[in-house]
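So the chains spell out like this:
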Amino acid sequence: MSYLEEIQVKNLDHLGIVAGLIDEIGIVKIINNKLGIDVREKISAGTVVKSILINGLGFVSRPLYLFSQFFQDKAIEKLLRERIKPDYLNDDKIGRVMDELYKYGLNDIFIEVVLEVIKKIKIDLKYSHLDSTSFHLDGEYKREEDKEKQEEEKIIKERPIFIKKGYSRDHRPDLKQCVLDLITSQDGDIPLFVRVGDGNESDKAVFGKVLVEFKKQIKFDSIMVCNSALYGQENLQLIQHLKWITRVPMTIKKAKELVQNIEVEEVKDEDKEKRSDLNLESYTWKEEIVTYGGIKQTWLIVLSEKRQKSDLEKLEKQLSQEEKKSQKFLKEIQSEEFEHPQAARYKLKAINKKLRLLEIKEVELIETYSKKKEKIYKMISLIIKKDEEISRKTKEAGKFILATNLVEENKLEASEILITYKNQQSTERGFRFLKDPLFFTDSFFVEKPERIETMLFLMSLCLLIYNLGQRELRNCLKRVKKGINNQVGKVTLRPTLRWIFQCFQGIHYVILNGVKQIVNLTEERRFILSLLPASCQRYYL
């Protein structure tokens, strides 16, 4: 045997961290307990899921299209177990496991994983955030419409989702899509609940039902935070036994009146420093007790100086644009010859429908004759400002209303309501992660709606693992009061886990004459490992 034949070099990189986090949560054990282990199979369903998650967080061009080649140069015997070979992870095996996951119930499995995380790690669950996004897909996905109608009232469906056109958050209305509802913790953005819905689903129609279903399955006393899609009489009645904070849509008459007529309170000198510490120095507000939908609640009318400046600039720009447009319309209508007075007024009415802040007003309708000696009518008109509409928009600039049903018992400070709602970006960060181009998927996974749901379930598990690892790392850095150099060489206590993954590129698993060792494990990398769970460290140390 030659010297070269006695050396094996496999890439480990950051994948040991991912594998360790999967082990820490206990995902393999949960999957195997749910789906069972067949002793005739070379690889269990739980290990297949672990492989998919490692591949999904591998940050390669097609991570969730798991193919055996991904593991050809990886330390698969270290990441999974000694006897597993890359060709065990073929498309047929992965497809069967995905179908078994779907058949068992993706929601039930995800909830159990979340409960295990909550049990092992102290996550602050005072606030939970709900939002939704859409994923556009290629393909026809034809299904029978009558079956859809029979199931439209169900919130957690026994049937597969319907891939259809709907309101696209990706600005691709030409493509069919599905919708993902996501609930995350404010502490660490940990996904607590995921649900895949039909492509044409309305947030207003389902958000109340989603929260009710969530609270049935995960029983802890959390205040639910959501955008204005939740705020409607039917939803408020549905969630009246829950605690919530949401935004009030400005289409509600009472909200319009308050924004127009109420003045927010001046900030007292003794409060300025406190607001500055909370990063709220540009906000002022006023509280009102309101009953809406039969529910007594606190409305917080908020004025943001930054947003007010932006809104007024937009208003000024809109006014300038309309002035140019209305001058063009004025010239057009004054040069036109009409056969009847009604035709002139109909044209004027149609033009004014295109204007919001200005109006072209009829001054005089002149009866005259054309060159052909036919009786015609010409309109003399002028442009006037809609002072009432401009005044309304000026008063509304920078203002919005937040509502909560925590009025007397467990009443929240106004500053806490505002800070909590601002943290609604918790779910938005999750959506950005899930929509990263590195999560590009092949048609293997999107042949059937059932596979799409399972794929999004697996992607959500990737998000849970990533955010959990990032949270643990940042909390440890905060405790030891020592930072890590970021991409530009500056010390930070809040590095992204993606940057840590990049820092671990080039770590190899080497077998030399039967001796196994990890190479390129620098002092900096050892320090980072010391901040992560022991289950991550054992893949390297």
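The model shown is predicted, which means the values in this text are computed figures rather than measured ones. Position numbers for residues start from 1 in each chain and track the written sequence from start to end. With pLDDT at 70 or above as the cut-off, local features in this predicted model cover only qualifying residues; side-chain atom pairs require 80 or more to be listed or tallied, and sums for whole chains, interfaces and linings still use all residues. Excluded from the side-chain calculations are hydrogens and water; all other atoms, namely the structure's heavy atoms, are used.

Caption draft 1: Representation of the overall build of the protein chain in the model. Helix and strand counts for the protein chain stand at 20 helices and 15 strands. The principal-axis extents of the C-alpha atoms in the protein chain amount to approximately 110 × 65 × 50 Å. Only heavy atoms enter the contact rule, under which two residues are in contact if any of them lie within 4.5 Å. In the protein chain, of all internal contacts separated by at least 6 residues, the share reaching a separation of at least 24 is 68%. Surface accessibility follows the Shrake-Rupley procedure with a 1.4 Å probe radius. Residue values consider only the protein chains on display as shielding. In the form shown here, the protein chain has an accessible surface area of approximately 28000 Å², with 48% of it arising from carbon and sulfur atoms. Computed over 95 positive and 85 negative side-chain charges, the inter-centroid distance for the protein chain is 1 Å. Strands here mean DSSP runs of E at least two residues long; helices mean DSSP runs of H or I at least four residues long; both are numbered from the N terminus. Counted charges follow a simple rule, with Lys and Arg positive, Asp and Glu negative, and His plus the chain ends left uncounted. Taken as the charge centre is NZ of Lys, CZ of Arg, CG of Asp or CD of Glu, depending on the residue.

Caption draft 2: Inspection of the packing of helix H12 (residues 305–335) against helix H13 (residues 341–352) at higher detail. Direction vectors running N to C along H12 and H13 enclose 170 degrees, while the axes themselves pass 11 Å from each other. By the criterion of interaxial angle, the relationship of H12 to H13 is roughly antiparallel. On the side of H12, the interface is formed by Phe329, Glu332 and Ile333, while H13 contributes Ala344, Lys347, Leu348 and Ile351. The axes are straight lines fitted to the C-alpha atoms, using for helices just the contacting stretch, and the angles between their N-to-C directions are given from 0 to 180°. Angles below 35 degrees are treated as roughly parallel, those above 145 as roughly antiparallel, those between 65 and 115 as roughly perpendicular, and all remaining angles as oblique.

Caption draft 3: Inspection of the sheet that holds strand S14 (residues 508–512) at higher detail. By the convention used here, strands pair only if DSSP detects at least 2 bridges between them. An order of S1-S14-S15 is seen for the 3 strands of this open sheet, with the pairing classed as antiparallel. Two strands bound the open sheet, and with one partner strand each, they are strand S1 (7–11) and strand S15 (515–519). Within this sheet the neighbouring strands show an average axis-to-axis angle of 20 degrees, counted without direction. Note that S1 and S14 share 5 bridges and pair antiparallel. Considered in S14, the bridge of Gln8 is made with Ile511.

Caption draft 4: Expanded view of the nonpolar core. Counting 127 residues, the largest nonpolar core has Ile17, Ile54 and Trp299 as its most contacted members. With residues near it in sequence (within four places) discarded, Ile54 still touches Leu15, Val18, Ala19, Ile22, Phe70, Phe71, Leu79 and Leu80. By nonpolar core is meant a set of buried Ala, Val, Leu, Ile, Met, Phe, Trp, Tyr and Cys residues that side-chain atoms within 4.5 Å join together. Think of it in three bands: with a 1.4 Å probe and only protein chains considered, a residue is buried below 20% of the maximum accessible area for its type, exposed above 50%, and partly exposed in between. In terms of nonpolar packing, the next biggest core, distinct from the first, is built from 17 residues, Val225, Leu406, Leu412 and Ile417 among them.

Caption draft 5: Up close: the pattern of salt bridges. Any Lys or Arg side-chain nitrogen found within 4 Å of a carboxyl oxygen on Asp or Glu counts as a salt bridge. Throughout the structure, instances matching the rule amount to 27 salt bridges. Residues Glu41 and Lys93 are paired through a salt bridge, measuring 2.9 Å at the closest nitrogen-oxygen approach. Here the residue Glu41 occupies a position in the loop between helix H2 (27–35) and helix H3 (45–56), and Lys93 occupies one in helix H5 (residues 91–104), the gap between them amounting to 52 residues. Note on Lys93: relative accessible area 7%, which makes it buried. Glu389 is the partner of Arg392 in a salt bridge, and the nearest nitrogen-oxygen pair spans 2.6 Å.

Caption draft 6: Representation of the pairing of strand S7 (residues 283–292) within the structure. As paired elements, S7 and strand S8 (residues 295–304) share 10 bridges and run antiparallel to each other. Counterpart to Trp285 in the pairing with S8 is Val302.

Caption draft 7: Structural context of the side chain of Ser44. Considering the arrangement of structural elements, one finds Ser44 in the loop between H2 and H3. N or O atoms within 3.5 Å of each other form a polar contact, as long as, within protein, one can give a hydrogen and the other can take it, and as long as residues adjacent in sequence are counted only when both atoms are side-chain atoms. At a separation of 3.0 Å, a polar atom in the side chain of Ser44 contacts the side chain of Thr47.

Caption draft 8: Fine view of the sheet that holds S8. Spatial ordering of the open sheet is given by S4-S3-S2-S5-S6-S11-S8-S7, a layout of 8 strands whose pairing is mixed. Every interior strand has two partners, whereas the edge strands, strand S4 (191–197) and S7, have only one. Strand-to-strand, the axes of this sheet are offset by a mean angle of 20 degrees, without reference to chain direction. Across the sheet, helix H10 (residues 253–261) lies against S7, S8 and strand S11 (399–404), angled at about 40 degrees from S8, the strand it touches most.

Caption draft 9: Quick peek at the side chain of Ser304. The residue Ser304 is located in strand S8 in this model. Judged by its relative accessible area of 5%, Ser304 is buried.

Caption draft 10: Expanded view of H3. Relative to the 16 Å expected for 12 residues at 1.5 Å per residue, H3 spans 16 Å between its end C-alpha atoms, a close match to the ideal helical length. Every buried residue of H3 is listed here: Ala45, Gly46, Thr47, Val48, Val49, Lys50, Ser51, Ile52, Leu53, Ile54, Asn55 and Gly56. Looking at the buried positions of H3, the neighbouring elements they touch are helix H1 (15–25), H2, helix H4 (76–79), H5 and helix H17 (449–480). Expected span of a helix: the number of residues minus one, times 1.5 Å.

Caption draft 11: Main features of unusual backbone geometry. The backbone of Asn279 sits at a positive phi, close to 65 degrees, despite the residue not being glycine. For Asn279, the position within the fold is in the loop between helix H11 (269–277) and S7. Asn279 gets classed as exposed once you look at its relative accessible area, which sits at 51%. The phi dihedral of Lys373 falls on the positive side, at around 65 degrees, and the residue is not glycine. Considering the arrangement of structural elements, one finds Lys373 in the loop between strand S9 (358–369) and strand S10 (375–385). Lys373 gets classed as exposed once you look at its relative accessible area, which sits at 69%.

Caption draft 12: Structural view of the environment of Gln237. Along the chain, Gln237 turns up in helix H9 (residues 233–238). Through-space distance from the C-alpha of Gln237 to that of Gly208 is 8.9 Å; in sequence the pair is 29 residues apart. If we ignore the near neighbours within four places in the chain, the residues touching Gln237 are Gly293, Gly294 and Ile295. Here Gly293 takes part through its backbone oxygen, which lies 2.4 Å from a polar atom of the side chain of Gln237.

Caption draft 13: Just the packing of aromatic side chains, in detail. When two rings of Phe, Tyr or Trp (its six-membered ring) have centres within 6.5 Å they constitute a pair, described as stacked for plane angles under 30 degrees, edge-to-face for angles over 60, and tilted for the intermediate range. The final tally for this structure, using the stated rule, is 10 aromatic pairs. A ring pair is formed by Phe433 and Tyr466, whose centres lie 4.7 Å apart and whose planes are at 40 degrees; its orientation type is tilted. With Phe433 in helix H16 (residues 425–434) and Tyr466 in helix H17, this residue pair connects regions lying 33 residues apart in the sequence. Taken as a pair, Phe433 and Tyr466 share a single burial class, namely buried. Arranged with centres 6.1 Å apart and planes meeting at 80 degrees, the rings of Tyr466 and Phe501 form a pair that is edge-to-face.

Caption draft 14: Representation of the pairing of strand S6 (residues 243–247) within the structure. Relative to S6, strand S5 (residues 223–226) runs parallel, the two being bridged by 4 bridges. Note on S6: the bridge partner recorded for Met224 is Trp244. After leaving S5, the chain enters H9 and then returns to the sheet as S6, a path that is right-handed. Pairing of S6 with S11, which is carried by 3 bridges, proceeds in the antiparallel orientation. Paired with Thr246 across the two strands is Ala403, which belongs to S11. If the strands point away from the viewer and the path from the first strand over the helix to the second runs clockwise, then the crossover is right-handed.

Caption draft 15: Looking closely at the packing of helix H6 (residues 106–120) against H17. Packing of H6 against H17 leaves a shortest axis separation of 11 Å and a crossing angle of 10 degrees. Between H6 and H17, the angle falls in the class roughly parallel. Contact residues: Leu106, Ile109, Phe110, Val113, Val114 and Val117 in H6; Glu453, Thr454, Phe457, Ser460, Leu461, Leu464 and Leu468 in H17. Considering only residue class, the contact of H6 with H17 consists of 10 nonpolar, 2 polar and 1 charged. Ten residue types, Ala, Val, Leu, Ile, Met, Phe, Trp, Tyr, Cys and Pro, are classed as nonpolar, four, Asp, Glu, Lys and Arg, as charged, and the remainder, Gly among them, as polar.

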